[in-house]
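A look at the structure
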Amino acid sequence: MGGVAASDTSATPGRHDRVGSVAGVVRGPRSAWAPGRLLGLAIGAVFAMPVAFVVWRTLRLGASLPDALAEVPGPLWRTIQLAVLVSATAAIVGTGVAWLTTRTDLPFRRTWRIALVLPLALPSFVGAAAFIAGLAPGGFIHDALDLVGITPPRRFRGLGASWLVMSAFTYPYVMLPVVARMANLRTSLEESGRLLGFSATQTFVRVTLPQLRPAILGGTLLVFLYSVSEFGAVQLLGYDTLTRVIYSTRQTNRALSFAAATVVLVLALGVVALERSQRGRSGADDRTATGSPRTIRLGWRVVPAVAACLAVLSVGLLVPLLSLGTWAQRGLADGRIGFSELVDPAISTATIAVIAAVIAVLVVLPVAAGSIRRPHPTSQIASVSVVVGFAIPGIVIALSLAVLTLNTPLLNRFYQSAGLLVLAYVIHFGSQALAGTETAVRAVPDHVRESGKLLEPNALRRAWSIDWPLMRPGLLAAGGLVMLSTLKELPITLLLSPIGFSTLATEIWSSYEEGFYAATGLASLVLIAISATLTWVLVLRRSEAVSS
Amino acid sequence: MMTATTATSTSAAGASRRRLSISVLALATFALAAAACGSDSGGAGENGTVTIYSGRAERLIQPILDDFSDTTDIAVDVKYGDSADLALLIEEEAVAGNVQADVFLSQSPGSIGFLDDAGRLGELPTATLDLVPPTVRDAEGNWVGFSGRQRVLVYNADLVDEAELPSSVFDMTAPEWAGRVGVAPGNGSFQDFVTAMRVTEGDDVTMQWLDDLAANDPITYSNNSAIVAAVGRGEVDTGLVNHYYNYRALDEDPGLPSRNHQFAPDDPGSLLIVTGAGILADSDDPALATELIDYLLSPSGQEYFADETFEYPLAIGVEPSGDVPPIEFSDVSNFDYGQLGGGLEQTRQMIADAGLQG
């Protein structure tokens, strides 16, 4: 963490000089920022609660270090391998499809843009299960491969399988923030690149990519943390990771379980520090676009471009959809299942996901603003504690909030309330809002803020007419990710929801665990349909208005 | 992007969009409030309310809970989840002196044994305990089994000839089964089965069997459902599971080639694993809770499990469904289920020491 602080202070002086000259007039003295810093720290403290809980429990249960060290190394190494491979793949795929669907003349690119987000909509365990079913004899992929004379492998499991499935389910974590960043990229630089005779590819690599770096890094970090805390899919794919240690010992050897969770935390903190150190000073060069970006003509390359998008979508969405459809169709045909029992869970799911998304963005915004505009060790601490919440398995977050509310006199009435459930979602998924909100904050560069202050003294009106239009793509991407994650969240929902509250994810899980595949399929299809609708209506359509 | 003209049109379109987003948010808040109120008001029964934490899936148990409510006018509030997670949550509630549930229904003896060991369960009335044979309840009388599943070998009839299947689980470590057996070492029912083996055969024999199994290149899965599905699609020839998952699988897709094979009745591989019901020591209405458990053990409750979930009824005098092969209780489970809870960590450790992920 020392590295993080060092790089920030080195970046700070220049900005202070520049900001100070104007801010001295407009903003008042620097001490006026103290409340903002305190707010950031307070938010950070709320987000750090599960971390504190894990460490406290590990110490209190007296975890035996030799025991932990005996069980942890193998799973830890496998976890790191998977997380690195998946992160790298998601970074490339996510950036690639973001560019193809925003900057080129790819046919039906709006449709692609929404379809390519949807692999994020399925709980990973059911996505993986459906993918495996597609590979099995009688499954869609199996039959397709048979047609071309290929015998698929008998078993689809291990690192390779986990890498493929996890990458296909996680690249939207990179794609969404990158699409948001592209929406207000400074295109004048690209024009300059073109004038210098750069090809489209050269322009992308040498001009566009550096500007996208914070968005790509932020999204990739999410993918890494997701891979580290993922349990259901890797279990189904027979790949043994640290989360398996946490889960399999959570009842029989609690000390070891919490020790393994601490290892996950340390790993996450290390990676977050690395990401922070790699961001560089790109924040300073984030001036916003003044003209519409030029659409790049793909020409003959449209064929590989479409093929690439189709391949990505096949693994992440089409194959699972076909399996789920087959399951559901079997049940619908003989009337075993119907839509009526899904209406209530569908409404609860959509409602709570939208609420969690809005609150997460509002809560994380001050933290993002702090770390971008007023870099300081305290704002870094707040931002890091928001990020690591994603690396802690949901079951641990749920237990930590249960313990906190149960044992705090004034808070215990909120135990198993909708409010606590939303708080848990916000803590777990706040990190997903961070990348987007940071992009949004960067989209309003200092020079725009400063001129804005001179032109419009009313802060509210300024926020509406200047900040909101510029920040909108980033904020919508942030809220969109939280919404999609909340829609499919399982362990927190099961433990912390008010009694009798069920969501589509809990329906999917309880059906799947007992082998009710028809019901699993139908509930999953409804979940995908709701995710698609909400993503389109609330997120993409709104960003669209700005970017086109 | 933000030229003067687009800015104007954006703000015009923005106004309608703003109204839409405000109404969506208002609607969402309203729906949530309605849902929250709904769950409160729906919970009031004429004769009180029983709160259940259920590790048994909703689809397997909600119908019989609804019957109970209809018959007794006692309302039932249920929180569903994984048995182990719910047991941990109850433990945290109990430490804080704020237990919500009256009844805990566990998918396996392990999780209810965990709560029993922690002293969180109250003693059940003798009349309730006596509804089942002594072999399928806690020796101290703190919990009772209410349905049973037998450990079996599920096999793919297209890939394996039934005649070559052995009569003991000890034979599954023979060379001819190398790479052909699916197991779920991290799953509660596999661990219960290994614990039972430790009780009946001793730790040395069990450790040897685990070592031999691990050396025989088994394919590991996360749970019973995953094994049955894998056997059904021909990914692995056989698997050690609970019997009723294959009935479920065939119910979903009658064309599947997966079949159950029973080991000899006195073999550890034929263990009967019970689901468990207990009343929390801090329950504010143990009488209502007892009424619920008695209902699960009544003929109508037990017939539900026999006919609808393909399980073995445990209450004395209720026969299994015609679909499942009959078993003799006295043969399959002659040991104290209470031993499963406390011994579980050592079992898990032995499974891990053998090199099976567990």
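Turning our eyes to something else, we now look at the overall build of chain A. Broken down by element type, chain A carries 24 helices and zero strands. Taking 2.2 N^0.38 as the reference for a compact globule, 548 residues should give roughly 24 Å; the C-alpha atoms of chain A span a radius of gyration of 23 Å, in line with that estimate. Its C-alpha atoms give chain A principal-axis dimensions of about 70 × 65 × 45 Å. By residue count, 56% of the 548 residues in chain A fall in the buried class. Considering only contacts in chain A between residues 6 or more positions apart, those separated by 24 or more positions represent 86%.

What follows covers the environment of Val154(B). All names here are of chain B. Following the sequence through the fold, Val154 ends up in strand 5 (residues 143-156). The class for Val154 is buried, based on 26 C-beta atoms found within 10 Å. Residues Val154 and Ala84 lie 70 residues apart in sequence; the distance between their C-alpha atoms is 25 Å. Not counting residues up to four positions away in its chain, the partners in contact with Val154 are Ile227, Val228, Val231, Thr238, Gly239, Val241, Asn246, Ser258 and Asn260.

This part takes up the pairing of strand 8 (residues 238-242) of chain B. Residue and element names in this part refer to chain B. With five of five residues buried, strand 8 is to be regarded as a mostly interior element. Taken together, the five bridges between strand 5 and strand 8 define a ladder with antiparallel strand orientation. Note that in strand 8 the partner of Val152 across the bridge is Val241. With two bridges joining them, strand 6 (residues 181-183) and strand 8 adopt parallel strand pairing. Across the sheet, residue Val181 finds its bridge partner in strand 8, namely Thr238.

This brings us to the confidence of the model for chain B. All names here are of chain B. Counting all residues, the mean pLDDT for chain B is 84, and 83% of those residues have values of 70 or more. In the model of chain B, helix 1 (residues 4-41) stands out as the element of lowest mean pLDDT, 49, in contrast to strand 3 (residues 103-106), which has the highest, 97. Taken as a whole, residues 1-14 scores under 50 in pLDDT and shows 11 contacts with residues more than four places along the chain or in a different chain. In this model residues 34-43 is a low-confidence stretch, pLDDT under 50, and it forms 12 contacts with partners more than four residues away in sequence or in other chains. Our summary of model confidence lists the complex with pTM equal to 0.87 and ipTM equal to 0.86.

Moving on, we come to the nonpolar core. Residues Ala424(A) and Val103(B) are the most contacted members of the largest nonpolar core, which totals 282 residues. A domain-level breakdown of this core finds at least three residues from each of domain 1 (49-148 + 273-327) and domain 2 (149-271 + 347-353) of chain B. Discounting chain neighbours no more than four positions away, the residues touching Val103(B) are Val50(B), Ile52(B), Ala277(B), Ile279(B), Ala289(B), Leu292(B) and Ile293(B).

Rules used in this analysis
- Here, residues in each chain are numbered from 1, in the same order as that chain's written sequence.
- The naming scheme follows written order: chains are lettered A onward, ligands numbered 1 onward.
- Totals for whole chains, interfaces and linings use every residue, but because this is a predicted model, local features are given only for residues with pLDDT of at least 70 and side-chain atom pairs only at 80 or more, for both listing and counting.
- A run of DSSP states H or I qualifies as a helix once it reaches four residues; a run of E qualifies as a strand once it reaches two. Both are numbered from the N-terminal end.
- Values of the radius of gyration come from C-alpha atoms, whereas the globule rule sets the reference at 2.2 Å times the count of residues to the power 0.38.
- Three exposure classes are used, all based on how many other C-beta atoms lie within 10 Å of a residue's own C-beta (placed from the backbone): buried at 20 or more, exposed at 12 or fewer, and partly exposed between those limits.
- Remark: residues whose backbone-derived C-beta atoms lie within 7 Å of one another are considered to be in contact.
- Two strands pair under a simple rule: DSSP has to find at least two bridges between them.
- Confidence scores per residue from the predictor, reported as pLDDT, run from 0 to 100.
- A set of buried Ala, Val, Leu, Ile, Met, Phe, Trp, Tyr and Cys residues, joined through C-beta atoms within 7 Å, is what we mean by a nonpolar core.
- Domain boundaries shown here were taken from an automatic or database domain assignment.

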